Amino acid sequence: MRATLFLVLGIAACSAESSTPIPRFSAADAAVEPDPLLREALDAAFAEAERGTSGALLELAKCYEANTLGALAAETYRLCLARGGAELGLEPVRLWHHIGCSLEGGPRAEEALAAFEEVRRSAPGYAPAHWRAGSLLEEEGREEEARAAFERALELEPGGVPQTLGLARVELAQCRA
C-alpha cells in the first residue's frame, strides 16, 4: 500500500514538472522592444527548449540571463532544477547561483539573497556566493552579516576585488553610524 502511494505521488510530481510551461519572452518583459536579431535568438532558443532538445532549456535560461531578462531567467533555471536529468546541465548549486545573479539588482533582491544562501549552504567554499550575498545584505543595512560574508569570501580568495571593496563599504558605513 505504502509503495503504491509513493509511486502515485512520484508519477504526479513528474507529470507536474513536465507540464510546467516553459517561460517565454514577450514584449511586456522588456522596457523597450528588443532588437530583431535578439528576438530571433530568443524565439529560436525557446523553440529548441519546447522541442525538448537536450540542454536547450538551460541554454534558454542563459540566453534570458545574458539579455538582462532576470525574472524569465530565474524561472527557467528553476524549471531546469525541477526537471533534473539532462536539463540540469550544471550542478544544482551552480543553477542556484545563476538564479541569484539573475535576480540581484532588481526588485526581487530577497529571492536573490535566498538563492545565494542556498549556494553558501551547499558549497561553502564558493567565494562568489559569499561576496554576492554580502552585497545584498549590505544594501539591506544588515552590516554585520554583510561583514561576515565579505570576510568569508576573503578567506577563500584573499585579495579578491569584490569582497575587498564590499568590506570597505561596510567599514565606511559603520564609521558613519
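Computed from a predicted model, the values in this text were never measured in an experiment.

About the thresholds
- Residues numbered from 1 in each chain as written.
- Predicted model: local features only at pLDDT ≥ 70, side-chain atom pairs only at ≥ 80, totals over all residues.
- Heavy atoms only, no water.
- Helix = DSSP H or I, 4+ residues; strand = E, 2+ residues; numbered from the N terminus.
- Buried < 20%, exposed > 50% of the residue type's maximum accessible area, 1.4 Å probe, protein only.
- Contact = heavy atoms within 4.5 Å.
- Axes fitted to C-alpha atoms, helices over the stretch in contact; angles between N-to-C directions.
- Parallel < 35°, antiparallel > 145°, perpendicular 65-115°, else oblique.
- Left-handed = near helix turned anticlockwise from the far one by under 90°.
- Nonpolar A, V, L, I, M, F, W, Y, C, P; charged D, E, K, R; others polar.

1. Here's the deal with the environment of Gly 70
- Among the structural elements, Gly 70 can be located in helix α4 (residues 70-83).
- Residue class for Gly 70 comes out buried when judged on its relative accessible area of 14%.
- Note: C-alpha distance between Gly 70 and Gly 105 (35 residues apart in sequence) is 9.5 Å.
- Not counting residues within four places of it along the chain, the set of residues in contact with Gly 70 comprises Ser 102 and Leu 103.

2. Some details on the packing of helix α6 (residues 92-103) against helix α7 (residues 109-122)
- Interaxial distance between α6 and α7 falls to 8 Å at its minimum, and their mutual angle equals 155°. Taken together, the axis directions place α6 and α7 in an arrangement best described as roughly antiparallel. When you trace α6 past α7, the crossing you get is left-handed. On α7, the residues that touch Val 93, Trp 96, His 97, Ile 99, Gly 100, Cys 101 and Leu 103 of α6 are Ala 109, Glu 111, Ala 112, Ala 115, Phe 116, Glu 118, Val 119 and Ser 122.
- For the contact of α6 with α7, the per-class residue count stands at 10 nonpolar, three polar and two charged.

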